[in-house]
Amino acid sequence: MEPQEQTPDQPYRTQPVSFVRRGSRLQGRRREAWDELAEAFLIDVPRIETADTSVAPGFVLDVDAAFGRSAPLVIEVGSGLGEAITHAAEFDPDRDYLALEVYRPGLAQTMLRISQKELTNVRTAQVNAAEAFAGMIPASSVAELWTFFPDPWHKVRHHKRRLVKADYVERAARILEPGGIFRLATDWSSYAVQMRAVLDASEHFENLHDGERTGAASPLTQVWESGVESVVGGAPVREGKDPVSTGNTGVNEGIDERGGWAPRFEGRTLTSFENKAITAGRMVFDLAYRRR
């Protein structure tokens, strides 16, 4: 089965989105950054009516025109404050980087980092990634796709909102070039298991670390044995304070015989978000797949 064809005339939003709208007000230096830098670094995406993360039917990004050159393209979905993507772009000037994010403050901060580092190979877009993949991003145009620490949506009734599901993987296959790499990371075991399951089930991808880090070497086994997720919530455990239980840990199967976990991606700088997870005592699960 071939990955989904480019369908720019069909709006995507027929399912619950994987994000909720938080504060989008820009203040201080971020507001100034948006006003001063958006013309240079923010892609002007036509919208469906007033939905500011949508993509209008028929819009397909001219990648070479957006960057002013032809180069391998890396896309990060949920780029946050731009720490990872600007760090990578600084040390890899021969590739172009596109940050997809729905939150204006994060995009403003990313553009500020781009300017401060004097980067010419990073662009940003305020867009729902699922809609962008359905038509805005040209087919087979992406060398690497990054999805690091998407919202875990812990409660079972909210799992339908998780970004990394079969439909997302199908669209990822559409935009990745043959041989392109799909990198993912999460700090929650139940989401890690889901990510691994949907990618392994896809005929379009092969796990670059199939069969690796099983048994005692598996981070999944280590999390299950430690029970850390049952006592550690989203904030670091502070001296004199009781840890916060999530009550939403993954199913404990004792030993992970399947493995397939990648080593930590060395191209991902330690962001404030990942550092917070580590400080809280959680483990990070990396996955890496190649587009067949």
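What this report covers is the structure whose coordinates are included nearby. (Residues numbered from 1 in each chain as written. Predicted model: local features only at pLDDT ≥ 70, side-chain atom pairs only at ≥ 80, totals over all residues. Heavy atoms only, no water.)

### Regarding the overall build of the chain
Link 1 in the chain: Helix and strand counts for the chain come out as nine helices and seven strands.
Link 2 in the chain: Burial status across the chain gives 52% buried among its 292 residues.
Link 3 in the chain: Long-range contacts, defined here as pairs at least 24 residues apart, represent 80% of the contacts in the chain between residues at least 6 apart. (Helix = DSSP H or I, 4+ residues; strand = E, 2+ residues; numbered from the N terminus. Buried < 20%, exposed > 50% of the residue type's maximum accessible area, 1.4 Å probe, protein only. Contact = heavy atoms within 4.5 Å.)

### As for the pattern of salt bridges
Link 1 in the chain: Summed over the entire model, instances satisfying the criterion amount to 14 salt bridges.
Link 2 in the chain: Two residues, Glu90 and Lys117, come together in a salt bridge whose shortest N-O distance is 2.9 Å. Placement of Glu90 in helix H3 (residues 83-91) and of Lys117 in helix H4 (residues 104-117) is noted, with a sequence separation of 27 residues between them.
Link 3 in the chain: Classification of Glu90 as partly exposed rests on a relative accessible area of 36%.
Link 4 in the chain: Residue class for Lys117 comes out partly exposed when judged on its relative accessible area of 32%.
Link 5 in the chain: The partner of Glu144 in a salt bridge is Arg183, and the shortest N-O contact between them spans 3.1 Å. Within this pair, whereas Glu144 is found in strand S4 (residues 142-148), its partner Arg183 is found in strand S5 (residues 176-186), the two being separated by 39 residues in sequence.
Link 6 in the chain: Residues joined in a network through salt bridges with shared partners are Asp92, Arg95, Glu144 and Arg183. (Salt bridge = Lys/Arg side-chain N within 4 Å of Asp/Glu carboxyl O.)

### Overview of the pairing of strand S7 (residues 285-291)
Link 1 in the chain: Burial analysis of S7 places six of its seven residues in the buried class, the great majority of the element.
Link 2 in the chain: With six bridges connecting them, S5 and S7 associate as antiparallel partners. When the sheet's bridge partners are listed, Ala185 is paired in S7 with Asp286.
Link 3 in the chain: Bridging between strand S6 (residues 205-207) and S7 involves three bridges; their strand directions are antiparallel. (Pairing = 2+ DSSP bridges.)

### A word on H3
Link 1 in the chain: If you check which residues of H3 are buried, you get Ala84, Ile85, Thr86, Ala88 and Ala89.
Link 2 in the chain: Next to the buried residues of H3 lie strand S1 (73-77), strand S2 (96-101), H4, strand S3 (122-126) and S4.

### A closer look at the environment of Ile137
Link 1 in the chain: Assignment of secondary structure puts Ile137 in the loop between helix H5 (129-136) and S4.
Link 2 in the chain: Take Ile137: its relative accessible area is 0%, and that puts it in the buried class.
Link 3 in the chain: Taking C-alpha positions, Ile137 is 9.1 Å from Arg174, a pair spaced 37 residues apart along the chain.

### A short note on the packing of H5 against helix H6 (residues 166-175)
Any two packed helices are characterised by the angle at which their axes cross and by the distance between the axes.
Link 1 in the chain: Their axes nearest at 9 Å, the elements H5 and H6 cross at an angle of 40 degrees. Taken together, H5 and H6 sit at an angle that is classed as oblique. You can see that H5 and H6 cross each other, and the crossing is left-handed. Here Ala130, Ala132, Phe133, Ala134 and Gly135 of H5 lie close against H6, whose contacting residues are Tyr168, Arg171, Ala172, Arg174 and Ile175.
Link 2 in the chain: Residues that form the contact of H5 with H6 fall into these classes: seven nonpolar, one polar and two charged. (Axes fitted to C-alpha atoms, helices over the stretch in contact; angles between N-to-C directions. Parallel < 35°, antiparallel > 145°, perpendicular 65-115°, else oblique. Left-handed = near helix turned anticlockwise from the far one by under 90°. Nonpolar A, V, L, I, M, F, W, Y, C, P; charged D, E, K, R; others polar.)

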